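Residue-level structural notes
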Amino acid sequence: MKSPQTFTYLFLQNSQDFASSNAMTQQLQDEFDSSVENAEAWMKAIQERLSINDNTKGPRSALEARLRETEKIRALEPEGSLKIDLILVKADAALRSISEDKKHEILSKLKDIKALWEETAIYITHCHSRIEWVWLHWNEYLKAQDEFYTWIHNMSVTLEPDIELQLGLKEKQWQLSHAQVLLNDVLNQSVLLERLLEEAASLFSRIGDSSVDEDVQKKMKVEYEKIREQAENRVNLLKKITKEHEQYSANVGQFQSWLNGVTERLNSCIGEATESSAKDKLKALKEIAKNIRSGGKKLDQLEDECTNVIENTSPLGAERMKDELEMLRKALEKLKLLHSEEEKRLLKIQESESAYESQARQLEADIKVLRKYLQKLENHLEPGEGEKTEDEFVTLWRKCNATRAALAAEESNVERLKAQLKELLQFSQDVHPHTESVVSAIQQYQSVRGKTSKMSTDTETELRRLFQNPLLDFERWKPSVQMLLETPEPALTHIEAALAESSRFKEKFMTLQLKKDLLNNVLGEEKAKTFLQEVAEASKKREIIHESLMQSKRTIQHFDAGFAPLQKKLSAIRAKLDLEKELKPDILGKKTQLQRLQMIQDDLAELVTQMEEVEKLVQSNTTHKHEMNQLSSDSQALKIALKMMIQQSEECIQKHCAYKDKLSDLQQWIKLTTETFEPYQGAEGDQNNEGQVADLKRWLAELPDKEMQLCLVKASGKLVMENSSPEETAHVQTELDQLEESWRPLKEMETRLLKKWQLSKPVIDSKKKIEFADRRWISGPVFHHSDVDPNHKQEGIEEGQHTSSHLKLLHEFEEWLQGEKKKLTKILDAASSSTEEIKTRKSKLEELQSRVPDGQRLFEDLLHNQPVTEYSEDLEDLRYQWMLYKSILKESMSTLSPGTSEEPDRFRKSCEHFAAAADQHGEGEDPAVASLSQLPSSFIPFLACMAKCWAE
């Protein structure tokens, strides 16, 4: 034990230490308060200086002084930062040494001083920036104003001199172009002026200085308008001068063109080389005389116009214009002289032409009559286009003989034309055109005669060929028919074609025998007689061949009589099978449909037996054997399709029966359980009643399994609805709804009994829950945690070696799935109103669908590589995301197919329903909320995202 003196010494020592500590703490707090007061006073002083200079009004010198002052204040900003840093250091030291109840006061002061500093720093920056911006804006405006007044001065100097007189039109056009360029420059400057005025108004509203007031702005406008008016007046005057000169030049050009045209017409009437008659030339000269008189008046008008143009033209240019008009007047006088001389010469020639023209007209009339008659004969001989028949050739041959006789009678008229041409040669006029007409008529006569002779010969030759063609064709046809008859398996179509050709040969031979007189005229009697004998021999050979073809046809038709009923029966069976593709309304209808399908299967088996009997008859005929093979192939395909339909029907009936059994079992259990435990709700909660407690615990332990059975019944019902008619689908949905309604009171009873009897709710084993989810949603090989044998510990240790590989596969599949979901969301976000956009959207969805098998393989590899002894929440998360992605992709594909116009709304509403259920997670009584409680957390945002996409 310690002595009392020791205790007294320790007490005194502690008292001294405590007093020393209090003194140190008070000193630190005083230093902090002093630094805060100094900083606060400094900041208020800065704010006062800023408020004095925070003004943009006034002259330029005052603004510049305020700018310099704010720059100085801004330079003091680092000093303020240092003061804040010092405060922070003092505050930190004080906070370390003071008690907890005084820390709040220091922190409050620290917060206030920081806020005051932040306000002061912002005020410094804003005040300086505002004044600096106005200063720079003013500088830019003054610079632009100086440039504007410089431009005004330069443009005034340019526009002040008077317009210079130019040499000609080209120079005046250049002068006008230059003036228009100046005017465009002035007009373009208006945009800059408007901008300058806007800047002046903006500055005046900020600074209020008289250098940018409204009077200054009006002055700039007035000076600009003065320059613009000078430029426009200059351009208008030059346009008027240029237009007058252009009009004068155009009139001179027109007069020159007119003068050249009249000169050319007069030259065409002068000389011996012209083909026109003297009468025509005199008529033309009269017209030319009228034009010459009108030309004199035009020239006088040009002289008047020239006087006006010369007033705005330089002296040298005026001299050139006068010389040009003088040359035009001399050319017009020369034209008048030539016209007078030519008119006198043509009057002498006109008298000698009258007699010549009379005889020439008579000759041309005779030539015209002859040529017309020859043309008529030639047209009568026109053979026409395309291949001709024998009758047409006979008609043409007779026309040729008649035409030859008519041409012989016209020979005397040709000789008379020659005599008339000799008489015209006595005149001095040129008879060359008449000579050509006579020669042309004679050539036409010779041409028609030669053509008639040649056509007559060609027609006779063609008739001989036509008479011989049937015999030649028959000789070429016989070998092919012989080969057809010798073929062991001839086709019926070939036999019928050969028979038709034989009948055509019969008609041709009979026609030839009836044309004996025509043959005598064309071939001669001896050749005609020999030819008819050859025709009679060919007719006999044709009859023999025809009889052989008929015998072959009768043989082939015997097979067709047995083959056609088989085809008809197979078509009838196919039609019956098509009728059975309709979904039936109930299980009785499905069983009846299965019986009908089995009856169709018996009919098909009977048809196969009949086909085997017919095949025995056609072993030697390749064509018929091929037809039977094709029919057999069709029946085999129909047999496979029928077998698949029977299998599908049996599966549908099996699923329907399983659904009915599960539904009935669960309904009976619910009814029995409700009747059994209903009294428990009214009984006293006596814990000593061990029998009732045991029964209640046993029922509560059984309830989760029955809840999973309820989910299985719903899943079975969905499968039944997929293969049922709309009526049956509605009936099954009603049953499921009624089952859900009967289940809800049971759950309420569970809650009340748990509360009343103070029992804990049993928990569903996670492995069972996973196994149930796998069985409902994952297609293909599925891994069940419940299948793991706990005794195989050594295998679990070996599987643990693959953990790293499993995590790698898990990460890769998660990245791949996230990428696919982003692509799907992007496709569903895009609008698809037009047909082209719908096609594009469908192709993108099909591309995503094509990668689903690859994703399924990745997921199955991930399941197989999972360690047996581990349970991974990440894997279960991915399992639900993968299931949801496939479901949404499938629904999206179905919305683009025909007949699914209501699917998008239904799918959108489903997504919105689940998303709303996610928001109420754990609160509502909706079954969707209860099902969402077993989903991973990452499952909910994806549902909400898909709901938003469909809502938009």
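Above this text sits the structure in question.
Reference entry: report on the structure contained in this document. Just so you know, these numbers come straight off a predicted model, no measurement behind them.

All right, on to the overall build of the protein chain then. Within the protein chain, the regular secondary structure consists of 28 helices and zero strands. Buried residues in the protein chain amount to 35% of all 952 residues. Considering only contacts in the protein chain between residues 6 or more positions apart, those separated by 24 or more positions represent 81%. A total accessible area of about 58,200 Å² is found for the protein chain, and carbon and sulfur atoms account for 52% of it.

All chains considered together, the criterion is met by 14 aromatic pairs. Judged by centre distance (5.6 Å) and plane angle (80°), the rings of Phe 474 and Phe 505 are edge-to-face. With Phe 474 in helix α12 (residues 432-486) and Phe 505 in helix α13 (residues 492-513), this residue pair connects regions lying 31 residues apart in the sequence. Measuring from centroid to centroid gives 5.9 Å for Trp 882 and Tyr 885, while their planes differ by 15°, and the two rings are stacked. Highlighted residues: Trp 882 and Tyr 885, both in helix α25 (residues 873-895), separated by three residues, approximately one helical turn.

A word on the pattern of salt bridges. Tallied over the entire structure, the rule returns 27 salt bridges. We note a salt bridge from Glu 71 to Arg 68, for which the minimum N-O separation is 3.5 Å. You can see Glu 71 and its partner Arg 68 sitting in helix α2 (residues 60-75), three residues apart, about one turn around the helix. The partner of Lys 478 in a salt bridge is Glu 475, with the nearest N and O atoms 3.3 Å apart.

End to end, α13 covers 32 Å across 22 residues, agreeing with the expected 32 Å (1.5 Å per residue, within 8%). All of the buried residues in α13 are Leu 492, Ile 495, Ala 498, Leu 499, Ser 502, Phe 505, Phe 509 and Leu 512. All buried residues of α13 lie within an arc of 160° about the axis, which places them on one face of the element. The outward face of α13, more than 90 degrees from its buried face, is lined by the exposed residues Thr 493 and Glu 507.

Our focus in this paragraph is a negative patch on the surface. A cluster of acidic residues, Glu 812, Glu 814, Glu 815 and Asp 874, forms a negative patch on the protein surface. The element that contributes the greatest number of residues to the negative patch is helix α22 (residues 803-829), accounting for three residues.

Below, the discussion takes up the nonpolar core. Met 43, Ile 87, Ile 113, Tyr 141, Phe 148 and Trp 151 are the most contacted members of the largest nonpolar core, which has 54 residues in total. Counting residues per element, the ones that place at least two in this core are α1 (4-53), α2, α3 (77-97), α4 (100-159), α5 (169-207) and α6 (214-269). Of the residues forming this core, the biggest block, 18 residues, is contributed by α4. With near-sequence residues (within four places) excluded, Phe 148 lies in contact with Gln 189, Leu 193, Leu 196, Met 220 and Tyr 224. One finds Leu 463, Phe 467, Ala 498 and Leu 499 within the second-largest nonpolar core, a separate group that totals 28 residues.

As a further point, take the side chain of Thr 120. Turning to its location among the elements, Thr 120 is positioned in helix α4. A residue is classified by how much of its surface remains accessible, and Thr 120, at 0% relative accessible area, is buried. Looking at Thr 120, its side chain comes within polar contact range of the main-chain oxygen of Leu 116, at 2.8 Å. Residues in contact with Thr 120, not counting those within four places in the same chain, are Met 43, Ile 46 and Gln 47.

On the surface, Lys 286, Lys 290, Arg 293 and Lys 297 cluster together to form a positively charged patch. Here Arg 293 shows up in helix α7 (residues 278-310).

Where α3 meets α4, the closest approach of the two axes is 11 Å, and the angle between their N-to-C directions is 170°. Here α3 is positioned roughly antiparallel relative to α4, judged by the angle of their axes. Along the contact surface, α3 presents Glu 77, Gly 80, Ser 81, Ile 84, Ile 87, Leu 88, Ala 91, Ala 94 and Leu 95, while α4 presents Lys 103, Ile 106, Leu 107, Leu 110, Ile 113, Lys 114, Trp 117, Ala 121 and Ile 124. For the contact of α3 with α4, the residue count by class is 13 nonpolar, two polar and three charged.

Let us look at the environment of Ile 152. The topology assignment puts Ile 152 in helix α4. Along the primary structure Ile 152 and Ile 227 are separated by 75 residues, whereas in three dimensions their C-alpha atoms are 7.3 Å apart. Those residues in contact with Ile 152, other than ones at most four positions away along the chain, are Glu 223, Tyr 224 and Ile 227.

Our focus in this paragraph is the side chain of Gln 29. Structurally, the position occupied by Gln 29 is in helix α1. Exposure remark for Gln 29: the relative accessible area of 10% places this residue in the buried category.

Parameters at a glance
- Residues numbered from 1 in each chain as written.
- Predicted model: local features only at pLDDT ≥ 70, side-chain atom pairs only at ≥ 80, totals over all residues.
- Heavy atoms only, no water.
- Helix = DSSP H or I, 4+ residues; strand = E, 2+ residues; numbered from the N terminus.
- Buried < 20%, exposed > 50% of the residue type's maximum accessible area, 1.4 Å probe, protein only.
- Contact = heavy atoms within 4.5 Å.
- Areas by Shrake-Rupley, 256 points an atom, 1.4 Å probe, with all protein chains shown as cover.
- Phe/Tyr/Trp six-rings, centres within 6.5 Å; stacked < 30°, edge-to-face > 60°.
- Salt bridge = Lys/Arg side-chain N within 4 Å of Asp/Glu carboxyl O.
- Expected span 1.5 Å × (residues − 1).
- Arc of directions from axis to C-beta.
- Patch = residues over 30% accessible without salt bridge, like charges linked within 9 Å, V, L, I, M, F, W, Y side chains within 5 Å.
- Lys, Arg positive; Asp, Glu negative; His and termini not counted.
- Charge placed at Lys NZ, Arg CZ, Asp CG, Glu CD.
- Core = buried A, V, L, I, M, F, W, Y, C linked by side-chain atoms within 4.5 Å.
- Polar contact = N/O pair within 3.5 Å; in protein donor to acceptor, adjacent residues only side chain to side chain.
- Axes fitted to C-alpha atoms, helices over the stretch in contact; angles between N-to-C directions.
- Parallel < 35°, antiparallel > 145°, perpendicular 65-115°, else oblique.
- Nonpolar A, V, L, I, M, F, W, Y, C, P; charged D, E, K, R; others polar.

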